[in-house]
Amino acid sequence: MEEDSSEREKAATATPAAYYMEETQVNEEEVDPESNSSLHQPLLKRKKTLSSNHLALVGAKVSHIESLDYEINENDLFKQDWRSRSKEQVLQYIFSKWTLACLVGLLTGLIATLINLAVENIAGYKLLAVIGFIKKERYLTGLIYLTGVNFGLTLIAAVLCVCFAPTAAGPGIPEIKAYLNGVDTPNMFGATTLIVKIIGSIGAVSAGLDLGKEGPLVHIGSCIASLLGQGGPDNYRIKWRWLRYFNNDRDRRDLITCGASSGVCAAFRAPVGGVLFSLEEVATWWRSALLWRTFFSTAVVVVALRAFIEICNSGKCGLFGKGGLIMFDVSNVIVRYHAMDVVPVTIIGIIGGLLGSLYNHVLHKVLRLYNLINQKGKIHKLLLSLTVSIFTSVCLYCLPFLAKCQLCDPDITTETCPTNERSGYFKQFNCPNGYYNDLATLLLTTNDDAVRKLFSSNIPNEFQPLSLLIFFALYCILGLITFGIAVPSGLFLPIILIGAAYGRLLGISMGSYSTIDSGLYAVLGAASLMAGSMRMTVSLCVIFLELTNNLLLLPITMIVLLIAKTVGDCFNPSIYEIILELKGLPFLDAHPEPWMRNLTVGELADAKPPVVTLNGVEKVSRIVDVLRNTTHNGFPVVDDCVVPPTGLALGATEIHGLILRAHLLQALKKKFFLPEKRRTEEWEVREKFTWVELAEREGRIEEVAVTSDEMEMYIDLHPLTNSTPYTVMESISVAKAMVLFREVGLRHLLIVPKYEAAGASPVIGILTRQDLRAYNILSAFPHLDRSKGGGKN
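In the annotation of an unreviewed UniProt entry, the entry for the chain reads Chloride channel protein, and the organism field reads Acer negundo. In its Subcellular location (unreviewed entry) section, UniProt records this for the chain: "Membrane". The UniProt entry for the chain carries the following comment under Sequence similarities (unreviewed entry): "Belongs to the chloride channel (TC 2.A.49) family."

What follows is the structure, encoded as structure tokens:
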């Protein structure tokens, strides 16, 4: 089945990122696995066939997207496997799950430590050299040196991403979120992606670009989990039998959830926040057993981080800063707030929601512009990344000259003022002895140190309003132009920097009207902007409490987060939802549109071609013909003339279940053929197949060779068929079907008729992920567009 031009044009509109790719590249794509042809009998008010186009931007190209099989396939082999498992085998399976969860946390903590060590030392020695040039008044040399080193580091990160692993660019969180929603994102969790992500993150963050390593660490943790679950890279997989039990979509999903939690924990040193981040933001399905394993993984991460921090405290880690698990400690601040402080706290929340939604809107436009540039080729991607690097370096070096030198406060005893060595809150830069440059203190340092300084408390006049205003404006610009270039990048830290800057500005402007410390205003500003942009609340609240080690901040932090999220939701979706839409990934939202209750799944089935069914004992030629001429991934198995166990009816039709395309290919590859049309015995099936093999998805029909004699033979599909598929009646609303589809984690949902009729098929259609997407439904039923409104329910 070939796609017509109208469907391709429609897919381009639905997936803006895919639209900007070269047309020849799109033409080379295979047909969608669940695509549909046009109908001869159009439905009332229906304009065109329900589209099921699976094209999305993953990495650097438009990829062919399929769904994942999270549903348990309860065929005869699966039931036999569970019946035959001994208690020891069940315990071994459970123990293996916990072992893999432990390894995910341990390796994520180790890699996070190595990234931190590398960034602190590379960036530290670079900045020390720049300060040395400035002390000698060799200002031009310092500029050239800083720009050159940053240029080289960015070049390494960009070349690796562009040439070796395009999917390593960006944060990776939207793709992980789509994967856990049931969308197979190609090449997102490979070994090459993992290596490039690690090296690229070190290079990009060390280069002083306005990005963080938090998003990449989430992707790194997920890559580690995926590789452990499948036994290594595709070409070098370990084939141990106990490990093959995890080489299925369902167990792999659980491991990747553990990896995402471990990544957040490693980034912020917040174990509880990491678990809640996965629960609130990335995971679609959750259960208590998964909660325990993710918590165990994050606990292992914290132990690993603590062990390396103890080593670094002895001075064996070069310029790596000392400190414990608390990254931005404000616990020594006496938090005082009164009833009148609700006003500035509310203002911070409103500003955060407005700025967050504005940030999302502008970033959306920038990303669409970058797609136009990136589709021109690899050279343009490199030039874009290097141009941003040069602009960033020049701004970081030159803008501190605009700030006035501040006199060191003689009452400060905890910090040396001024300082040029290692890290310090009072950088001398170009100022005379006894003075410091507050803007240089924020710009000529790592992003982590900049946040730490903005969160600093009990020093209300450390930064002047003009310096904070310049810093805020600069990082707004850098945050918008840096995200989207071909390097690993995270959104967390840029947003925290922007929010902390305007929070501190507001704290200074409030002056004596508020009892809250200006450093705490910075914390609240960062939290409000993250809630306004990312729309997280619970996990964000816990992360900030773990970051700052001050439980007294809980009440006002909760108020700020709730206000910021509420204000932001009034204007646009979260930044990750915007990226998912740009990439065209078919993410199913938690809430159906209100107008979906006005449409039944039976009407959707009428907008699709007739369903392709197979007999329980089917001829090989028929199976080969179906696999070659359709690209569906699931086929109902129907038996005719079945005598029911009860009743007097003769010639009844039975829905035996649903068989997957991958299982049909397995049967053809293993030559599971019968010379006559009959049912197989249990021992015949167990000689050919194991449940573990059926859990794996490999192969294409073009790779299977079937002779002409074999074409006349038969295959018994009953042992391979999922005999308990989910079904819905044709009269059920699309909204209700969508909730079931998403909550259970389905790939196929069978539609059965409301009335049984002699000679009629017991299955009238199959719903897939694309059939439940709002855009596709509105394209086929344009009259529903007039009933839109009221938001989601």
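Novice: For this particular structure, what's the right way to read the overall build of the chain?
Specialist: On a plain count of helices and strands, the chain comes out with 31 helices and 14 strands. Relative to its full complement of 793 residues, the chain shows a buried share of 58%. The long-range share in the chain, meaning contacts at least 24 apart out of those at least 6 apart in sequence, stands at 79%. Total accessible area on the chain stands at roughly 32400 Å², and carbon and sulfur atoms take up 60% of it.

Novice: Help me out: how do you make sense of the packing of aromatic side chains in this one?
Specialist: Both the distance between ring centres and the angle between the ring planes are used here to describe each pair of aromatic rings. Counting across every chain of the model gives 14 aromatic pairs. Centre to centre, the rings of F268 and F492 are 5.3 Å apart; their planes meet at 75 degrees, and the pair counts as edge-to-face. Of the two residues, F268 sits in helix α11 (residues 249-268) while F492 sits in helix α19 (residues 492-510), which places them 224 residues apart along the sequence. Each member of the pair, F268 as well as F492, carries the same accessibility label: buried. Between Y397 and F429, the aromatic rings sit 6.5 Å apart at their centres with planes inclined by 75 degrees, giving edge-to-face as the arrangement. With Y397 in helix α15 (residues 378-398) and F429 in the loop between β5 (406-407) and β6 (435-436), this pair connects stretches of sequence that are 32 residues apart. Of the two residues examined, Y397 and F429, each falls in the buried class. Ring pairs connect the aromatic residues Y139, Y397, F401 and F429, which therefore count as one cluster. The lysine or arginine in question, R253, covers the ring of Y70, its NZ or CZ lying 4.7 Å from the ring centre.

Novice: Please explain the sheet that holds strand β13 (residues 749-752) as it appears in this structure.
Specialist: Paired through backbone hydrogen bonds, the strands of a sheet run either parallel or antiparallel to each other. The 3 strands are arranged β12-β13-β14 in an open sheet whose pairing can be described as mixed. In this open sheet, the two edge strands, each paired with only one partner strand, are β12 (727-729) and β14 (765-767). Across this sheet, the average inter-strand angle for adjacent strands is 35 degrees, counted without regard to direction. As paired strands, β12 and β13 are joined by 3 bridges and run parallel to one another. Residue pairing for β13: T727 is matched across the bridge by L750. Sheet strands in contact with helix α30 (residues 734-744) are β12, β13 and β14, and its direction is about 145 degrees off that of β13.

Conventions adopted
- Residues numbered from 1 in each chain as written.
- Predicted model: local features only at pLDDT ≥ 70, side-chain atom pairs only at ≥ 80, totals over all residues.
- Heavy atoms only, no water.
- UniProt positions renumbered as here; feature names shortened; annotations may be inferred.
- Helix = DSSP H or I, 4+ residues; strand = E, 2+ residues; numbered from the N terminus.
- Buried < 20%, exposed > 50% of the residue type's maximum accessible area, 1.4 Å probe, protein only.
- Contact = heavy atoms within 4.5 Å.
- Areas by Shrake-Rupley, 256 points an atom, 1.4 Å probe, with all protein chains shown as cover.
- Phe/Tyr/Trp six-rings, centres within 6.5 Å; stacked < 30°, edge-to-face > 60°.
- Lys NZ or Arg CZ within 6 Å of the ring centre and 35° of its normal.
- Pairing = 2+ DSSP bridges.
- Axes fitted to C-alpha atoms, helices over the stretch in contact; angles between N-to-C directions.

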